[in-house]
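Letter by letter, the chains look like this.
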Amino acid sequence: MANIVGGYIMPHDPLLFVNPQKKERDHLLAAYSGIRDKVRASGATKAIIFGADHYILFGPRCLPQFLIATGELHGPIDRLPGVPNAPIASDPDFANYLVNHAHGNGFDVSVARDLGVDHAIGVPAQLALPTDGSVQTVPVYMASGVEPYVRLQRAYEFGQMVRDAVASMPGDERIVLIGSGGISHWVGTGEMGRINPDFDKKVLDAIVAGDPSTLLSMTDEEIMRDGGNGGMEIRHFLAVMGALPAGRGEVLTYEAWSGGVTGLGFAEILPA
Amino acid sequence: MPVSKKTLGIIPDVAMQKESEWMSYGAVEQLFYDVSTSRNRKEAFREDAGEVAGKYTLSETEREMVVSMQVENLFEYGINPMLLMGFWTSVRGPQSMPEYLKRVPTLASRLEASGGGKR
């Protein structure tokens, strides 16, 4: 039987790679490779990465709430030093299986049959997964960056749906889940550069406790106020938590890094 | 309650407008998206912003905000901040970020305007 062998959350702050202020960052880059080692050790064969489009891939004429890429992948298409825009191993059969399961279980997801992903998917795929293609990726884009936002509850339920899909899947695939996103960050607003460690701690505490209720009880206004518009990306963490109910977490690395604009949290969630 | 343009106070007080004039909000975002993602459109905007704006169905107020890159008013109008920043840096270059950040309003001010920023 296929099963989910672990979940991770990690940021994708472009400034970590551009590093315009030349700040010390090796320990943060090492957090990605540390997760890569864990993924390799878990024997994972597939990864599902939850991320947000940043108004790079999807324009005002078509803004999907949920989108699964079912075909060939490459990226990130937005150039970042040290993160190559390169092919990403994919598995169309597995992706289509998830789409079919979603459609049969209350989620009318959109699909992309060929996709150059942005940094939300590209950073984790290129830096936190084995480079030999042994772990094939399915990207799931959620509307967390552009209105109308996916409801928090739906993000969590999406994770539950993924869990059910994996549980009913034939074969012995070992799947890791990645929630890609910064914690507090303000993007393109007058607060840009502010990081709110209190908000970040609240989110990480919920992940460590394996208790989504704190996050699910937030309103979008609260998130905007305390975590910024970038904080809406906690939806991706909720999806991982929904797929790993009661899975307790561990913070691997956290820093309100002064070289960037984002509370950078790396955490692992183990199945209960 | 989910955040929407209405809850965020995006019904603009930027200028006294007839409601019908604000129906092209999506066209403004489309223009910004095109400039941000298309090298040709970016170069065209740099060369003649008015001509590019003329390709989209914008109200006169919107056209003025776009052509003169009034980020203060565009933010208040409710343009997605990521898109607005992307548009700005595409046209003015990343070295212009300090000016952008000096001019662009805070998200808190937008929330305050909608009553959504109160504890």
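Here the structure is a predicted model, which is why all the values come from computation and not from measurement.

In this section: the side chain of Ser24 of chain B. All names here are of chain B. Secondary-structure assignment places Ser24 in the segment before helix H1 (25-37). A relative accessible area of 12% places Ser24 in the buried class. At 3.3 Å, the side chain of Ser24 and the backbone oxygen of Thr57 are in polar contact. Residue contacts for Ser24: discarding those within four places in its chain leaves Thr57, Leu58, Ser59, Glu62 and Tyr77.

Residues and elements named next belong to chain A. Of all 10 residues in strand E3 (residues 66-75), eight are buried, a share of seventy percent or more. Pairing geometry for E3 and strand E6 (residues 136-142), over three bridges, is antiparallel. Note on E6: the bridge partner recorded for Leu67 is Tyr141. Sheet topology places E3 next to strand E5 (residues 110-116); six bridges connect them, and they run parallel.

All names here are of chain B. Residues with a pLDDT of 70 or more make up 77% of chain B, whose mean pLDDT is 85. Low confidence marks residues 1-19, where pLDDT is under 50. Its contacts with residues over four positions away, or in another chain, come to 43 contacts. In the predicted complex, the global pTM is 0.93; the interface-specific ipTM is 0.94.

Looking now at the environment of Ala53 of chain B. Residues and elements named next belong to chain B. With respect to the helices and strands, Ala53 occurs in helix H3 (residues 49-53). In this structure, the C-alpha to C-alpha distance between Ala53 and Arg92, residues 39 residues apart in sequence, is 17 Å. Leaving out residues up to four positions away in the same chain, Ala53 has contacts with Leu31, Leu58, Arg63 and Val67.

Many structure descriptions define interface size as the accessible area lost when the parts assemble. With 32 residues of chain B at the interface, the matching set in chain A holds 29 residues. Taking both partners together, chain B and chain A bury about 2500 Å²; carbon and sulfur atoms supply 60% of that area. Seen at the junction of chain B and chain A, the total is zero salt bridges. Across the contact surface, chain B and chain A share nine residue pairs in polar contact (both at pLDDT 80 or more). When residues of the side of chain B that touches chain A are traced back to their parent elements, those giving at least two are H1, helix H6 (81-92), helix H7 (97-103) and helix H8 (107-114) of chain B. Top contributing element to the side of chain B that touches chain A by residue count: H1 of chain B, with five residues. Class assignment of the residues belonging to the side of chain B that touches chain A gives a composition of 18 nonpolar, nine polar and five charged.

Next up on the list: unusual backbone geometry. Residue and element names in this part refer to chain A. In the segment running from Gly75 into Pro76, the intervening peptide bond is cis, with an omega of 5 degrees. Note that Pro76 resides in the loop between E3 and strand E4 (86-88). Cis geometry marks the peptide bond from Glu147 to Pro148; its omega dihedral reads -5 degrees. In this structure, Pro148 sits in the loop between E6 and helix H5 (152-167). You will see that Asn19, though not glycine, has its phi angle at about 45 degrees, which is positive.

Each value, and the rule that gives it
- Residues numbered from 1 in each chain as written.
- Chains lettered and ligands numbered in written order.
- Predicted model: local features only at pLDDT ≥ 70, side-chain atom pairs only at ≥ 80, totals over all residues.
- Heavy atoms only, no water.
- Helix = DSSP H or I, 4+ residues; strand = E, 2+ residues; numbered from the N terminus.
- Buried < 20%, exposed > 50% of the residue type's maximum accessible area, 1.4 Å probe, protein only.
- Polar contact = N/O pair within 3.5 Å; in protein donor to acceptor, adjacent residues only side chain to side chain.
- Contact = heavy atoms within 4.5 Å.
- Pairing = 2+ DSSP bridges.
- pLDDT = per-residue confidence, 0-100.
- Buried area = accessible area lost by both parts, 1.4 Å probe.
- Salt bridge = Lys/Arg side-chain N within 4 Å of Asp/Glu carboxyl O.
- Nonpolar A, V, L, I, M, F, W, Y, C, P; charged D, E, K, R; others polar.

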